[in-house]
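Structural features, examined
Listed here are the chains, written in short residue letters.
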Amino acid sequence: MLARLGPQLPGPYLLMDRAYEGNETRQLALDLGFVPVVPPSSTRVHPWVYDREMYKRRNEIERLFRRLKGFRRIFSRFEKLDVIFLGFISFALIVDALL
């Protein structure tokens, strides 16, 4: 999936779960121009430095997806047209921002 995005401008962060801390995934992210933000496994011989504050923000993204799943139309994907589906996502994000 990362390869389909293609090369990016240098600098965008790629927040990844600990499950994706493998060498191949990190190298692919670096090759595509992303800055991988993932903590190394505690058993690594040569751990790397990562942005701890940026990694903590990953939780905010996960909580947003959890709130979006509260909208049944989005969670079940009732809408077949992409335009209508994106409209409901926009509506849900507006409601979330107002609350």
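Fair warning: this is a prediction, and the values are worked out from it, not measured in the lab. (Residues numbered from 1 in each chain as written. Predicted model: local features only at pLDDT ≥ 70, side-chain atom pairs only at ≥ 80, totals over all residues. Heavy atoms only, no water.)

All right, on to the pattern of salt bridges then. Taken as a whole, this structure holds eight salt bridges when the rule is applied. Where aspartate 96 meets arginine 67, a salt bridge forms, and the shortest distance between an N and an O atom there is 2.7 Å. Taken together, the residues aspartate 96 in helix H6 (residues 82-98) and arginine 67 in helix H4 (residues 58-68) connect sequence positions 29 residues apart. For aspartate 96, a relative accessible area of 23% gives the class partly exposed. Note that arginine 73 is salt-bridged to glutamate 79, the shortest N-O span being 2.2 Å. (Salt bridge = Lys/Arg side-chain N within 4 Å of Asp/Glu carboxyl O. Helix = DSSP H or I, 4+ residues; strand = E, 2+ residues; numbered from the N terminus. Buried < 20%, exposed > 50% of the residue type's maximum accessible area, 1.4 Å probe, protein only.)

One can find alanine 97 in helix H6. Since its relative accessible area comes to 64%, alanine 97 is described here as exposed. Between the C-alpha atoms of alanine 97 and proline 40, which are 57 residues apart in sequence, the distance is 34 Å.

Let us look at the side chain of arginine 58. Here arginine 58 shows up in helix H4. Judged by its relative accessible area of 14%, arginine 58 falls in the buried class. Within the structure, arginine 58 has its side chain in polar contact with the side chain of glutamate 62 (distance 2.7 Å). Once residues within four sequence positions are removed from consideration, arginine 58 is found in contact with Leu15, Met16 and Asp17. (Polar contact = N/O pair within 3.5 Å; in protein donor to acceptor, adjacent residues only side chain to side chain. Contact = heavy atoms within 4.5 Å.)

By the secondary structure assignment, glutamate 21 is in the loop between strand S1 (13-15) and helix H2 (23-31). In this structure the side chain of glutamate 21 is engaged in a polar contact, spanning 3.3 Å, whose partner is the backbone nitrogen of serine 41. Within the local environment of glutamate 21, its side chain forms a polar contact with the side chain of arginine 44, the two groups lying 3.0 Å apart. Filtering out sequence-adjacent residues up to four positions away, glutamate 21 remains in contact with Arg26, Val38, Pro39, Pro40, Ser41, Arg44 and Trp48.

In this structure, Leu14, Met16, Ala29, Leu32, Phe34, Val37, Val38, Trp48, Tyr50, Met54 and Tyr55 together form the largest nonpolar core, which totals eleven residues. Leave out the neighbours within four places in its chain, and tyrosine 55 touches Leu15, Met16, Asp17, Arg18, Val37, Val38, Pro39 and Tyr50. (Core = buried A, V, L, I, M, F, W, Y, C linked by side-chain atoms within 4.5 Å.)

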